[in-house]
Amino acid sequence: MILRSVISSNQSYSRTLTNMTLLSPTPSHFHMPQNSPKNKNVAVIGAGSAGLVTARELHREGHSVVVFERENQLGGTWVYTPATESDPIGIDPNREIAHSSLYLSLRVNLPREVMGYRDYPFVAKKKPNRDPRRYPGHKEVLDYLKDFAVDFGLIGLVRFGMEVGHVGLLENGKWKVSSKKRENDVVFVHEEYDAVVICNGHYTEPRTADIPGLEVWPGKQIHSHNYRVPDPFRDQVVVLIGSAASATDISREIAEVAKEVHISSRSATSGVPLKLPGYDNVWQHSMIESVGIDGGVNFRDGSKVLADIILHCTGYKYHFPFLETNGIVTVDDNRVGPLYKHIFPPAFAPSLSFVGLPWKVIPFPLCELQSKWIAGILSGRISLPSKEDMNADIEAFYSSMEASCIPKRYTHNMDDYQFDYDDWLAAECGSPLSEEWRKQMYFISRKNKKTQPETYRDQWDDDDLIIQAHEDFVKYIPELAQAQKLPR
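Bear in mind the structure is a predicted one, so any value in this text is a computation, not a measurement.

Asker: What is the right way to look at unusual backbone geometry in this model?
Answerer: Excluding glycine, residues mostly carry a negative phi; peptide bonds, for their part, are mostly trans. Put simply, G337 and P338 share a cis peptide bond, and its omega is 0°. Note that P338 resides in the loop between β21 (335–337) and β22 (352–354). Residue P350 follows A349 across a cis peptide bond; omega there is 0°. Locating P350 in the fold gives a position in the loop between β21 and β22. Phi at N129 takes a positive value of approximately 65°, unusual for a residue other than glycine. Accessibility expressed as a relative area gives 68% for N129, which makes it exposed. At C405, a position not held by glycine, the phi torsion is positive, near 60°. Looking at where C405 falls in the secondary structure, it is placed in the loop between α7 (387–403) and α8 (418–429).

Asker: I tried to follow the pattern of salt bridges on my own but got confused; where do I start?
Answerer: Two side chains with opposite charge may pair up if their charged atoms get near one another. If you walk through the whole model with that rule in mind, you get 36 salt bridges. Between E140 and R112 there is a salt bridge; the shortest N-O distance is 2.8 Å. On the criterion of sequence distance, the pair formed by E140 in helix α4 (residues 138–151) and R112 in helix α3 (residues 112–115) is long-range, its members being 28 residues apart. On the basis of relative accessible area, E140 is assigned to the buried category, the value being 2%. Residue R112 is classed as buried on the basis of its relative accessible area, which comes to 1%. Between D147 and K127 there is a salt bridge; the shortest N-O distance is 3.8 Å. Of this pair, D147 sits in helix α4 while K127 is found in the loop between α3 and α4, placing the two residues 20 residues apart along the sequence. By relative accessible area, which is 11% here, D147 ends up buried. Each of R112, K125, K127, R130, K139, E140, D143 and D147 takes part in one network of salt bridges that share partners.

Asker: Help me out: how do you make sense of the domain arrangement of the protein chain in this one?
Answerer: As a measure of interface size, the accessible area lost when the parts come together is often cited. Its domain assignment divides the protein chain into domain 1 (41–205 + 316–445) and domain 2 (214–312). One C-alpha centre belongs to domain 1, the other to domain 2, and the line joining them spans 32 Å. For the pair domain 1 and domain 2, the summed buried area comes to about 1,400 Å², and 50% of that belongs to carbon and sulfur atoms. On the domain 1 side of the contact with domain 2, P88, I89 and Y103 bury the most area, a combined 43% of that side's loss. Joining domain 1 to domain 2, the criterion identifies zero salt bridges. Inspection of the region where domain 1 meets domain 2 yields 14 residue pairs in polar contact (both at pLDDT 80 or more).

Reading guide: rules and limits
Residues numbered from 1 in each chain as written. Predicted model: local features only at pLDDT ≥ 70, side-chain atom pairs only at ≥ 80, totals over all residues. Heavy atoms only, no water. Helix = DSSP H or I, 4+ residues; strand = E, 2+ residues; numbered from the N terminus. Buried < 20%, exposed > 50% of the residue type's maximum accessible area, 1.4 Å probe, protein only. Salt bridge = Lys/Arg side-chain N within 4 Å of Asp/Glu carboxyl O. Domains from an automatic or database assignment. Buried area = accessible area lost by both parts, 1.4 Å probe. Polar contact = N/O pair within 3.5 Å; in protein donor to acceptor, adjacent residues only side chain to side chain.

Spelled out as structure tokens, the structure:
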């Protein structure tokens, strides 16, 4: 494989974008069903990427929609704020919550062609202060979501600054949703809805490593949820736990200012500490065995480091503090269940559903298909199996996980089968299956992310797939037909 240089790839991609008249996909050709007795009043919790597309699909189907958003703008986790929580490790239940987990330098780890909603391509815009890169920064994603909300008339459906305190089923079969103004208001407003769709994301409640000795370890701990910039790590000895995308990015960034960075992860299998190629102050270790009162961090590979900071890049917990189901829907070791197809709890289907729980996926298209399925089921256009059959399907899924020795916390990890899942949903909805270019582009990107973590965002060798993607986008943005071929 011969990869183009950073400059070559960026110039090629930028020239292509410059030659295009990049406009928003027009939603005018979509049919909005007229109100009918089967149309429902639906509450959507959250106005991030999942909540917005859910609102659109419900509205398309003819349902009445109210979106509750605790922040004063849409975007969910894609709204960057320099503010962090009062508890840097994120375990104090009384802390002031920072919803976003973005760090200032974050760039997406998927190509924009792959990342966007299926019928609303994530193309670069000829507008001031936009980011035309193929792997743009976080602000470009927020701008894309804002464009989406405006183009589909979703802003008027959102109640901003409204925090949901309670969602529970009433005797009449409707759901009570209690909400209040987030700031300076203690009075809850109680309303009834035919259905509730929960889209509150899963990047707010930190999940930390359970390490013997932490209760006496004298150093500082922080979860990546509260990481924004590298400056606080200057001249420090840092132990970073994790090996996912954020851990990779953050470890490289803090290495520029820290004295030492020691990465602890399950993926380290050498048995001895190894220096990270290209860095003089970064080492890869096995898992942590214990920590001590002397500030020491003991690794399973037998090494020990006297550290100032432990940085947990260890993921998040699903968290629905407002939801009351009398113990029927639970979060057990990060398994939200029981859920049919990761969406419907059989006991409450179809009036209660979840969008966006799966991880290690391309989230925007997945949420689009999930919400399309929910909308069709609520209107009666699509049918669910019986509760007995749904429960049997769930039990079979759980049993297969157990037989394969897959931990419960990986229930919603779809790394190996997300496209099968997407295509199952698409078939249920009568929608096109996943595009072949999207699949190939995703797998190439994933491989490059592992083999060239420092450069995969700026150099690539799949221009042929970019051409295929833009050819596909023409049906949503006809103006793209003017630029079918990328300059070489």
